[in-house]
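Chains, contacts and geometry: an overview
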Amino acid sequence: CTMCGRGTYGSCDEACAYRRNFFWSGYNLGSIEVDMNAEQVEELLVAFIAAQPDETYDIPQTLELIPDVLGGLSDDHPLSSDNLPSQSIYSIISVDEVLVTVRDQLNLVAVGLKNSYSAGDEHVSHLAHTVLSTSGVKVYETCQCFKCPRGQFQDGLGETSCKSCDAILPGSDTSDTGADGPELCQCLASNDVFPSSDGTRCISCDSVRSGDAAAPQGVCQCGADTYETDASALFPAEPDDWITCSPCPQGSTTFNAVTKIFDYGESIDNCYCAPGTYGSSGECSSCPALQTSPPNAQSADECQLTDAALLMAIVIPTGILVFGVLLGLINLRFRKKIAKLEAERRRQMQEKVNEATETVNHLAHPMVFVSAEWFLNAGRMIKHEDARTKHCLFTIDTMEELKGFKKGNVFIFFSHQWLAWSEPDPEDLQYNAMVSALKELRDAKNLSLSNTYIWLDYTSIPQTHRGLQRLSINSLTNYAGACDYFVIVAPGKTHHKDTGILCDKISYQERAWCRAEQLAHGCRRGVENMYLTADGGGLEPLTWDWIKASFQIFNGRLTCCARGHVGMEQCDQEYLVTPVLGLYCELLAADKEKSLPTEKKEVLTYMKEHEDEMFPPSFNFSTPDGKQTENRELFGDILTLLDELDLKSEDLDESGLTVEKKKDAPLHLSIAQSGDVKRPSENTRAPSDSSGDNIHPSKEVADRPVEVHDKV
């Protein structure tokens, strides 16, 4: 059978290996044993090569007996036609040594003999043992052989891997692939290495340049700012004429200021003093203060005053006088500018407070309800545009309309997470929980469904028109604060249809926009009518521990931050600053005027005690790749000025809404207790045709419908 030769590695197919084992295991059926002496082996091989002169034997291979080979043998050869059995002979499988001889085509007999021995003084002739196949099957085999890569060799036959040069001579390499002996493993100068003095390893010239090893003179070149030194002191085991490299003393260099190149450091004399120093042989001293020297200065006499020192001697006295006059003028202007900047800062902070107060008392987008009766009969959550087409929406455009609609009616705000990208409740789990909660709330509070109205994001916020949706999202805190009851829906443990993320009451409470809704209701209505329905249970009033955790809005999770603000110029945290500040200023103003209701005092007290957590001064705005962050302002230091600024408190009527003032104060929305039940007034637009669009506050989800206020 053939096998991979020296300098190569690989494997042959299993059939060949089996056939080889078969022929050499006891000479089984279909085999005969033929003994040949050295001359007969040589005759066979010569006949074989002569019959196929154009074939190249790169690796050992089977000798196929063809008529031309047999015809070239003498009559007395064991393989001649007269001496063979009558069975057909197709191939000869020879010992490994004979195959090597065939491959080499040199020294045919000397390598190819398998057995030799001596009996006393008599020399027994050499015999090569060969087995002939009579099975009538021509033996072929497939071998995949590869040259050993550089740094490896193989001096054996039929091996499946190569040997490492590093194992016999550490650091050595071969000059080419296909090395067939260990003698080809050498310390190659092209690899920047050389043999150690004892010849047991290869040493890198980099070790010599760093001073960690020694080398023969001229083998390794020292680098810039280093020079050759005698290695005998540092490396006594090495020959006396070996050298190593040492760094130039501090302050010196091998850079030649005249030739503008680095001189080769044959000795320390090639280490020159840098500008501003002087000396020789690398021993450099600094020039006195305010003095410098040219490169390669040899003595202190070459140190001279710098141009700057000469100029200072003239300028300093004059400058001191001028500086005194200017300092007085600058100080005067500086104090005026500081006063002006402080006044401007106070004006900007006042405008920010006014804007925040006005934001929480105005509807950026109409508030949209559906009747409780219609909601119970809907059978599922209905998209805003579908409900609008069916003329099922009640649209409130202004605070004055909301005031009229509020009288005699009850508003319920349902807050929940979305359970899929394209729709909030694919399996109607949350809708069914909302229906149960509505019925339970009706029975507990003795509500009439005929004058009870529901606010639900999927139905009340436009899902198609992006601009209207953004306006509506910016009014979320107003919507939540305007409702009489706030119900959180988290029906058991379920998973998001698209992401597989677990959605339950814990994941709900982690969302920043969900927390903002709760804070708005708590600041406007107190916390008495806030409920949770979760895990298939009934309505439960929110505990104060839950409420305190929910008030930490800016510690909540935001999808825009998790996605690196793809396609966004602002983070949702920045959008939340204005409404949260407005709610806080309203409470502070009412408390200052002694008009804050008891149910809101606890809310204000908690917010005051946790200002640092609830009103962070700034945050890190991250990019999509996460490699860049920008520190952006949130509340800044505005809280330090609230006591000095004018905080306006809006007047509440009995329905809990503010009315438009005739003076400079803008129209505001605020919430108190609901009044008697009443159907929509004439100026309230029921079944509306307003249009909208479902978009997350973050712009990065622009190409797919998602849940509003970041609950995905």
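Note: the structure precedes this text.
Just so it is clear, the structure is predicted and the values come from calculations on it, not from any experiment. (Residues numbered from 1 in each chain as written. Predicted model: local features only at pLDDT ≥ 70, side-chain atom pairs only at ≥ 80, totals over all residues. Heavy atoms only, no water.)

**With respect to the nonpolar core**
The nonpolar side chains of a soluble globular protein tend to be buried, and buried together. Short version of the rule: Definition of nonpolar core: a set of buried residues of the types Ala, Val, Leu, Ile, Met, Phe, Trp, Tyr and Cys, connected through side-chain atoms within 4.5 Å. When accessible area is computed with a 1.4 Å probe and restricted to protein chains, residues below 20% of their type maximum are described as buried, those above 50% as exposed, and intermediate ones as partly exposed. Helical segments are the DSSP runs of H or I of at least four residues, strand segments are the runs of E of at least two, and each set is numbered from the N terminus. Only heavy atoms matter for contacts: two residues are in contact if any of them lie within 4.5 Å across the pair.
Grouped together as the largest cluster of nonpolar side chains are 76 residues, with contacts concentrated most on Met367, Phe369, Trp455, Met607, Phe635 and Leu642. Ranked by the residues each element gives to this core, the list is headed by helix 20 (residues 572–592), at 11 residues. For Met607, the residues in contact, after removing those within four places along its chain, are Leu519, Cys523, Tyr584, Leu587, Met614 and Phe615. Counting 29 residues, the second-largest nonpolar core is a separate cluster that includes Val368, Met381, Leu393 and Tyr458.

**Remarks on the sheet that holds strand 24 (residues 394–396)**
The criterion, for reference: Pairing between strands requires that DSSP locate at least two bridges from one strand to the other. For helices, the axis comes from a line fit to the C-alpha atoms of the stretch in contact; other axes are also lines fit to C-alpha atoms, and the angle between any two N-to-C directions lies between 0 and 180 degrees.
A sheet is described by the order of its strands in space; here 7 strands give the open sequence 24-23-26-25-27-30-31, paired in mixed fashion. This sheet does not close on itself; its edge strands, each paired only once, are strand 24 and strand 31 (540–541). Judged from the 2 bridges that link them, strand 23 (residues 367–371) and strand 26 (residues 452–456) form a sheet pairing that is antiparallel. Note on strand 26: the bridge partner recorded for Ser371 is Tyr453. Across the sheet, helix 11 (residues 399–406) touches strand 23, strand 24, strand 25 (410–416) and strand 26, and the angle it forms with strand 24 is around 130°.

**Quick notes on helix 21 (residues 598–609)**
Formally: Helices are assigned an expected span. That span is 1.5 Å times one less than the residue count. The arc in question is traced by the directions running from the helix axis to the C-beta atoms.
End to end, helix 21 covers 17 Å across 12 residues, agreeing with the expected 16 Å (1.5 Å per residue, within 8%). Residues of helix 21 that are buried: Lys600, Val603, Leu604, Tyr606 and Met607. Taken end-on, helix 21 shows its buried residues confined to a sector of 160°, consistent with a single buried face. Set apart from the buried face of helix 21 by more than 90 degrees, the exposed residues are Thr598 and Glu609. Looking at the buried side of helix 21, the elements it contacts are helix 17 (512–525), helix 18 (544–550), helix 20 and helix 22 (611–614).

**Thoughts on the environment of Ser232**
Our working definition: Residues adjacent in sequence count toward polar contacts only when both atoms are side-chain atoms; beyond that, a polar contact is any pair of N or O atoms within 3.5 Å, and within protein one must be able to donate a hydrogen and the other to accept it.
As for its position among the elements, Ser232 is in the loop between strand 13 (226–230) and strand 14 (243–247). Look at Ser232 and you get partly exposed, because its relative accessible area is 29%. Spatially, the C-alpha atom of Ser232 lies 8.8 Å from that of Ala214, the residues being 18 residues apart in sequence. Of the polar contacts made by the side chain of Ser232, one reaches the side chain of Asp230; its length is 2.9 Å.

**Considerations on the pairing of strand 25**
Definition in use: Crossovers are described as right-handed under a simple rule: with the strands pointing away from the observer, the path leading from the first strand over the helix to the second runs clockwise.
With 7 of 7 residues buried, strand 25 lies mostly within the body of the structure. Where burial is concerned, the two faces of strand 25 agree: the one with Val410, Ile412, Phe414 and His416 and the one with Phe411, Phe413 and Ser415 are both buried. Sheet analysis places strand 25 next to strand 26, joined by 5 bridges and oriented parallel. Residue pairing in the sheet places Phe411 in a bridge with Tyr453 of strand 26. Regarding the hand of the β-α-β motif, the stretch spanning strand 25, helix 12 (residues 429–445) and strand 26 is right-handed. In this sheet, strand 27 (residues 485–490) lies alongside strand 25 in parallel orientation, the contact comprising 5 bridges. The residue bridging His416 from the neighbouring strand is Val489, located in strand 27.

All we've got here are geometric facts, nothing functional implied.
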